[in-house]
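# Descriptive analysis of the structure
Here's the letter readout for the chains.
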Amino acid sequence: MPAWPLIDSALIRLFRFRTRGFLKMVDATGQVPRPPPDGECYLYVHIPFCASLCPFCSFHRVQHCHAQAGPYFTALRAEIRLYHEAGYRFTGVYFGGGTPTIEPEELRQTIALVRELFPVREISVETNPHELQPPLLELLRAAGVTRLSVGVQSFDNQLLRDMERYEKYGSAEEIIARLKSAAGLFPTLNVDLIFNQPHQSLASLERDLDLIRELGVTQVSCYPLMTAPSVKRRMTTAMGATDNARLRPFFDTILRRLQPDFTPTSAWCFTRRGTAGDEYIVAAENYVGVGSGAFSYLGGILYATTFSLAHYATQVGHGLTGITARHQLSAGDQIRYTLLVRMFGLRLDREWARARYGSRFFYTVWGELATLRLLGAARRTARGWQLTERGMYWLMLMMSEFFGSVNTYRDAMREHISGELEADLTLRSKVRPLLVAANPQSNSRA
Ligand code: SF4
């Protein structure tokens, strides 16, 4: 239908307007926030180290350095203990990054601590294909990991070269072999794919999706290529310019190719056996982020921790969390945020919303709900509202837009600590040749 591009851009403009207040952060102390009444929420642990930095990546990540990573993990565990002492009761934990498995023994100790302190039912860990080696897989299994998520991004060797991942994280053939070796070892084996890459064709994406169906992968998360102003130039040089007009055909291909073997569990996550969902922000109403560059959402307040590793160590050393900024969402924004997250997770339960917010919920977002129904993006069910396939596309766009705002915030925070990042890079460029000369076998752990 020719009007789709107009509707897409009108919806995104409306979304930007309605969510413009979400990330207006102000300074905060590092005191532990008050826990939810029953103490229950989800834990996110951020590990920012990567063996090499991909040109498109806008996450909070730094070049891995073994000497820096050890103290960082020690501080992480101290921060997790602070939340335990304050009465938090985490029911699940997600280790994201960066590359959380880059220091396996430190990760093992951190998982062990979380399991000792909290009744966690789910332990989710992100990793890279390069890390999928038998010793690590055995360590993660023994540690009780229930979901392993592998950042594959593509099985197309040319696209892997564009992303500068071919040499560092392996060719498509190597990635396939490693995924096969991990199949069946964890209740959930997730693969992340990126679509709408500048040189990606529909045929290339179809081949990727066919491989997902053939390999023993139980879940796939398909993200549109997202970036941030700070990395846009480097990404365009390495990978080319993106064309958002191609988003819809790519997304339609994903829906067609994965179903019915896989069923959607969010607007961009598909699960083979209808088990665990992908987004902890969908599953949990409240979550705590620990580590540098992590976000928390607790009782309508958004918190962010410092992006400076040095400042993080200092704060935790003084018995504080890494929190340095916060934003109290207005009552209306809390409801709009809840609507975004719930509909992204495909459904909104009417009684749940009424119990949580009262009738105010429906007065606040009646316009949004009516628009979704009018456009065929959601339909009424006996329990509430259910997102349609058409609506999945728009929620995918809206969540990308939301993450775009988060990336802009990350850029601002990185700008704030640009002196530290530059000093760190200068130090590494001086130290690394000396270490390599002293030990030719040394790798990124130097
Ligand atoms: S895409 Fe993954 S591996 Fe690449 S820099 Fe970002 S977090 Fe690190």
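For the structure, check the block above.
All of the points below concern the structure found in this document. (Residues numbered from 1 in each chain as written. Predicted model: local features only at pLDDT ≥ 70, side-chain atom pairs only at ≥ 80, totals over all residues. Heavy atoms only, no water.)

Here the focus is the nonpolar core. The biggest cluster of nonpolar side chains holds 143 residues, and the ones touching the most others in it are Phe-95, Phe-155 and Trp-394. Per-element accounting of this core gives the leading share, 11 residues, to helix α16 (residues 389–416). Both domain 1 (1–22 + 335–430) and domain 2 (37–283) contribute no fewer than three residues apiece to this core. In contact with Phe-155, not counting residues within four places along its chain, are Ala-172, Ile-175, Ile-176, Leu-179, Leu-193, Asp-208, Leu-211, Ile-212 and Leu-215. (Core = buried A, V, L, I, M, F, W, Y, C linked by side-chain atoms within 4.5 Å. Buried < 20%, exposed > 50% of the residue type's maximum accessible area, 1.4 Å probe, protein only. Helix = DSSP H or I, 4+ residues; strand = E, 2+ residues; numbered from the N terminus. Domains from an automatic or database assignment. Contact = heavy atoms within 4.5 Å.)

Between the first and last C-alpha of helix α1 (residues 4–18) there are 21 Å, a value that for 15 residues agrees with the 21 Å anticipated at 1.5 Å per step. Of the positions making up α1, those classed as buried are Trp-4, Ile-7, Asp-8, Leu-11, Ile-12 and Phe-15. Buried residues of α1, viewed axially, fall in a sector of 130°; they line one side. Facing away from the buried surface of α1 by more than 90 degrees, the exposed residues are Pro-5, Leu-6 and Arg-13. Each element contacted by the buried residues of α1 is listed here: α10 (247–258), α13 (331–344), α15 (360–374) and α16. (Expected span 1.5 Å × (residues − 1). Arc of directions from axis to C-beta.)

So, about the site of the ligand. The ligand sits among Cys-50, Ser-52, Leu-53, Cys-54, Phe-56, Cys-57, Arg-61, Gly-98, Asn-128, Arg-165 and Tyr-169. Across the shell around the ligand, the residue classes tally to 6 nonpolar, 3 polar and 2 charged. (Near = heavy atom within 4 Å. Nonpolar A, V, L, I, M, F, W, Y, C, P; charged D, E, K, R; others polar.)

A separate point is the sheet that holds strand β17 (residues 378–380). Through backbone hydrogen bonds, the strands of a sheet pair up, either in parallel or in antiparallel fashion. Judged by pairing direction, the sheet is antiparallel, and its 3 strands sit side by side in the order β16-β18-β17 without closing on themselves. Looking at the sheet topology across the chains shown, the edges are occupied by β16 (347–349) and β17. If you compare each strand with its neighbour and ignore which way they point, the axes differ by 20° on average. With 3 bridges connecting them, β16 and strand β18 (residues 384–387) associate as antiparallel partners. Looking at the pairing, Leu-348 lines up with Trp-385 of β18. Relative to the sheet, helix α14 (residues 350–357) contacts β16, β17 and β18, its axis offset from that of β16 by approximately 60°. (Pairing = 2+ DSSP bridges. Axes fitted to C-alpha atoms, helices over the stretch in contact; angles between N-to-C directions.)

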